[in-house]
Amino acid sequence: MKKTMFIEGMSCMHCVEHIKEALKEIGGNNIDVSLSSKTAKAEFNEDVTDNKIKQIIEDYGYKLINIE
């Protein structure tokens, strides 16, 4: 399933790579992170819950605002 995440705290390209790393860690594929729109888009297996996504992003030091 494809998800769009709205993330606060990204300020540079290092942050973009950090978010990609976090999402890959939980099985994210086809990851696209946009610094300008503060979003990340990725595809996940059905067993990856929104709560799991929120947890990994916050573990990496960012704030998840919303998931669509």
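Residues numbered from 1 in each chain as written. Predicted model: local features only at pLDDT ≥ 70, side-chain atom pairs only at ≥ 80, totals over all residues. Heavy atoms only, no water.

**Section: unusual backbone geometry**
Part 1 of the reasoning: Even without glycine at this site, N30 takes up a positive phi of about 50 degrees.
Part 2 of the reasoning: As for its placement among the helices and strands, N30 is situated in strand β2 (residues 29–34).
Part 3 of the reasoning: Within the chain, K38 stands out as a residue other than glycine whose phi angle is a positive 55 degrees.
Part 4 of the reasoning: Relative to the helices and strands, K38 is located in the loop between β2 and β3 (39–43). (Helix = DSSP H or I, 4+ residues; strand = E, 2+ residues; numbered from the N terminus.)

**Describing the pairing of strand β1 (residues 2–8)**
Part 1 of the reasoning: In this sheet, β3 lies alongside β1 in antiparallel orientation, the contact comprising 5 bridges. Directly across from T4, in β3, lies its bridge partner K41.
Part 2 of the reasoning: Pairing geometry for β1 and strand β4 (residues 63–67), over 4 bridges, is antiparallel. Bridging from a neighbouring strand, M5 pairs with I67 of β4. (Pairing = 2+ DSSP bridges.)

**What about the side chain of T4?**
Part 1 of the reasoning: Topologically, T4 is positioned in strand β1.
Part 2 of the reasoning: The residues touching T4, leaving out its near neighbours within four places in the chain, are T39, A40, K41, N66, I67 and E68. (Contact = heavy atoms within 4.5 Å.)

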